[in-house]
Amino acid sequence: MSTPSAFSTVAAPVRNVLARPGPSAPATKKPLDLRHVASPALRELLTHLNNDTFDAVRRGVEQARGCTQPIQLAGWTKTVHTKTGRVLRSFNTADTPTGRVLVACNNRRASRCPACARIYAGDTFQLIKDGVTGGRYADPKVRTHPRVFLTLTAPSFGPVHGTTWRNRPGCRCGAHHQDNDAILGTPLDPSTYDYTGQVLFNAHAGQLWARFTISLRRQVAHELGMKQKDMAKALRVSFAKVAEYHKRGVVHFHAILRFDGPEGSTTPPPAEATAQVLDTAALLAAQHVRLDVDAGDHGTRTLTWGKQIDVRPIAADDGTGELTSDAVAGYIAKYATKGAEGSGMIDRPVHCHDCKGAGRTGLRDGAVQPCSTCEGTGCEPLERLPISDHVRQIIRTCWDLAAIKSLADLKLWKWAHMLGFRGHFSTKSRRYSTTLGTLREERRAWQKAQQEPLELEEIEQPEEGQCLEDTTRVVAHWALVGFGYTDGERLLAAQVRHERAQAQEQKARAKTEGEVWL
């Protein structure tokens with residue numbers, strides 16, 4: 001069913017038509033005898049070369065930007081002139097050599113798709129930097145506003161192995177661990193380690209941050225000797241934050257806090273709203289945050305931030321400060337693409353996929369029976385996962401706490417692969433700068449502008465005050481085919497990633513060594 005100006009995805013299965021040319025594809029030449037070629041990928045690419053479809057297949061792979069696991073879609077799209085009804089541009093996957101198009105997955109995790117994660121990190125860097133130094137999406141005067149870099153950590157849940165102890169090299173166990181030692185972050189005594197407290201902290205970290213922002217505004221008003229209602233008319237506290245996992249598998253937050261005028265970055269804050277006020281208010285607000293959680297048989301737990309709270313002012317971009325805007329933006333963007341896998345965890349859900357964590361499956365006659373895959377537990381067998389005993393115990397704790405009635409809304413069985421953390425990895429306040437959606441929309445608009453212009457007749461020209469989009473509509477119908485590449489496309493994608501990596505390397509070298517002239 002066609003829908004105007006819409007992109008519809010049909011869940012019904014679509015027959016895969018890979019390697020079969022559509023109606024308008026070039027005529028197939030005499031088939032090659034490739035039985036002597038051992039590699040399926042080479043056989044596929046040689047077949048495309050023989051059929052004169054290699055260039056079209058390569059362009060399709062390049063459009064996915066080197067994505068590791070692209071989405072395969074089949075369907076068509078038409079750009080129609082609203083007044084005359086004439087089709088100005090059309091595209092149908094049936095006319096392509098593979099019968100479908102590849103769309104980048106846009107996954108933010110570098111462990112899942114380095115290519116898409118790099119774009120996400122670049123967008124996050126742009127979003128963060130503009131909020132610190134100003135630019136396209138924030139007033140340049142924002143660099144004169146008071147700004148601090150805040151780190152909020154989790155409390156201790158028991159002694160763990162580390163590289164230093166009491167500011168001296170070496171672990172409290174007596175050994176000297178290397179930085180890449182797998183034992184780092186694991187408990188010295190797992191039997192006394194507070195796994196329940198750690199999981200509950202991860203699960204409520206987002207609520208702790210929300211309470212911190214409320215307490216921060218109260219502390220700022222107190223430091224300035226103002227009522228909160230009056231402060232809102234003269235001052236705004238903007239922020240951007242990301243979450244990061246410690247080696248022990250617990251989250252902590254890095255954030256940029258900034259004073260603005262009442263209208264955001266376009267207006268300056270009052271003169272008395274200094275970086276020192278923001279520093280003091282942030283420290284006091286973090287120390288005063290409390291959250292009581294009913295953990296059933298485990299009693300009521302009071303969650304707080306840890307003692308290692310760090311607040312540092314962000315210096316002006318004159319090279320004299322210890323913490324510059326670019327350094328802060330790069331630091332935050334780096335952690336925006338990471339997940340729990342940095343703590344030795346996997347980057348996918350660990351509940352049973354056959355029953356989707358329910359522990360039971362339905363029969364054709366409507367009856368329900370325990371899932372045979374997970375034996376009714378709804379959980380994936382942990383023994384098969386390449387994880388440490390410490391992470392394995394955190395996941396078990398998530399599953400145990402999920403059975404407590406007062407904690408059922410946390411859905412910890414679903415978030416066990418995140419070690420209980422359920423929040424977003426990067427968030428910001430409304431007036432900080434721009435949004436990721438705006439950046440992506442601009443990228444799509446730029447890509448659209450690279451297309452050949454539409455050939456319009458005189459009657460189809462936009463009237464004064466109109467743009468082309470006002471006189472046209474897009475009719476489209478798309479359906480999901482699958483995910484990933486064929487063997488031949490996978491080789492082409494590897495080459496695309498190599499070329500993009502080389503281009504990035506040359507661009508980085510040009511900043512320090514000058515343009516390559518050979």
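Residues numbered from 1 in each chain as written. Predicted model: local features only at pLDDT ≥ 70, side-chain atom pairs only at ≥ 80, totals over all residues. Heavy atoms only, no water.

Draft legend 1. Expanded view of the nonpolar core. Counting 67 residues, the largest nonpolar core has Phe 212, Leu 216, Val 220, Leu 257, Trp 305 and Phe 421 as its most contacted members. Those elements that provide at least two residues to this core are β6 (147-152), α4 (195-203), α5 (205-223), β9 (236-245), β10 (251-260), α7 (275-288), β11 (291-294) and α9 (389-402). The greatest single-element share of this core, amounting to seven residues, is contributed by α5. The contact partners of Trp 305, leaving out residues within four places of it in the chain, are Leu 152, Thr 153, Pro 155, Phe 201, Ala 205, Leu 208, Trp 209, Phe 212, Phe 253, Ala 286 and Val 289. By size, the runner-up hydrophobic cluster in this structure holds 18 residues, among which are Tyr 120, Ile 256, Ile 314 and Leu 323. (Core = buried A, V, L, I, M, F, W, Y, C linked by side-chain atoms within 4.5 Å. Buried < 20%, exposed > 50% of the residue type's maximum accessible area, 1.4 Å probe, protein only. Helix = DSSP H or I, 4+ residues; strand = E, 2+ residues; numbered from the N terminus. Contact = heavy atoms within 4.5 Å.)

Draft legend 2. A nonpolar patch on the surface, seen in detail. Among the surface-exposed residues, Leu 32, Leu 42, Leu 46, Leu 49 and Leu 491 lie close enough to one another that they form a single nonpolar patch of about 420 Å² accessible area. Top element by residues in the nonpolar patch is helix α1 (residues 40-50). It accounts for three residues. Within the element layout of this structure, Leu 491 appears in helix α12 (residues 487-513). (Patch = residues over 30% accessible without salt bridge, like charges linked within 9 Å, V, L, I, M, F, W, Y side chains within 5 Å. Areas by Shrake-Rupley, 256 points an atom, 1.4 Å probe, with all protein chains shown as cover. Salt bridge = Lys/Arg side-chain N within 4 Å of Asp/Glu carboxyl O.)

Draft legend 3. Region of the structure containing unusual backbone geometry. The backbone of Asp 52 sits at a positive phi, close to 60°, despite the residue not being glycine. Locating Asp 52 in the fold gives a position in the loop between α1 and α2 (54-63). Of note, the phi angle at Leu 419 is positive, near 60°, even though the residue is not glycine. With a relative accessible area of 0%, Leu 419 lands in the buried category.

Draft legend 4. The arrangement of the environment of Leu 419 in detail. The topology assignment puts Leu 419 in the loop between α9 and β16 (426-428). Along the sequence, Leu 419 and Val 199 sit 220 residues apart, while their C-alpha atoms lie 6.6 Å from each other.

Draft legend 5. Fine view of the layout of surface pockets. When its volume is computed, the second largest pocket comes out at roughly 870 Å³. Lining the second largest pocket are 27 residues; nearest its centre among them are Val 160, Arg 172, His 246, Arg 248 and Gln 308. Residue composition of the lining of the second largest pocket, by class: nine nonpolar, 13 polar and five charged. (1 Å grid on protein atoms, 1.4 Å probe; cavity = no way out; pocket = protein on both sides within 12 Å on 5 of 7 lines; lining within 4 Å. Points joined across faces, edges and corners; volume = space filled by probe spheres on them. Nonpolar A, V, L, I, M, F, W, Y, C, P; charged D, E, K, R; others polar.)

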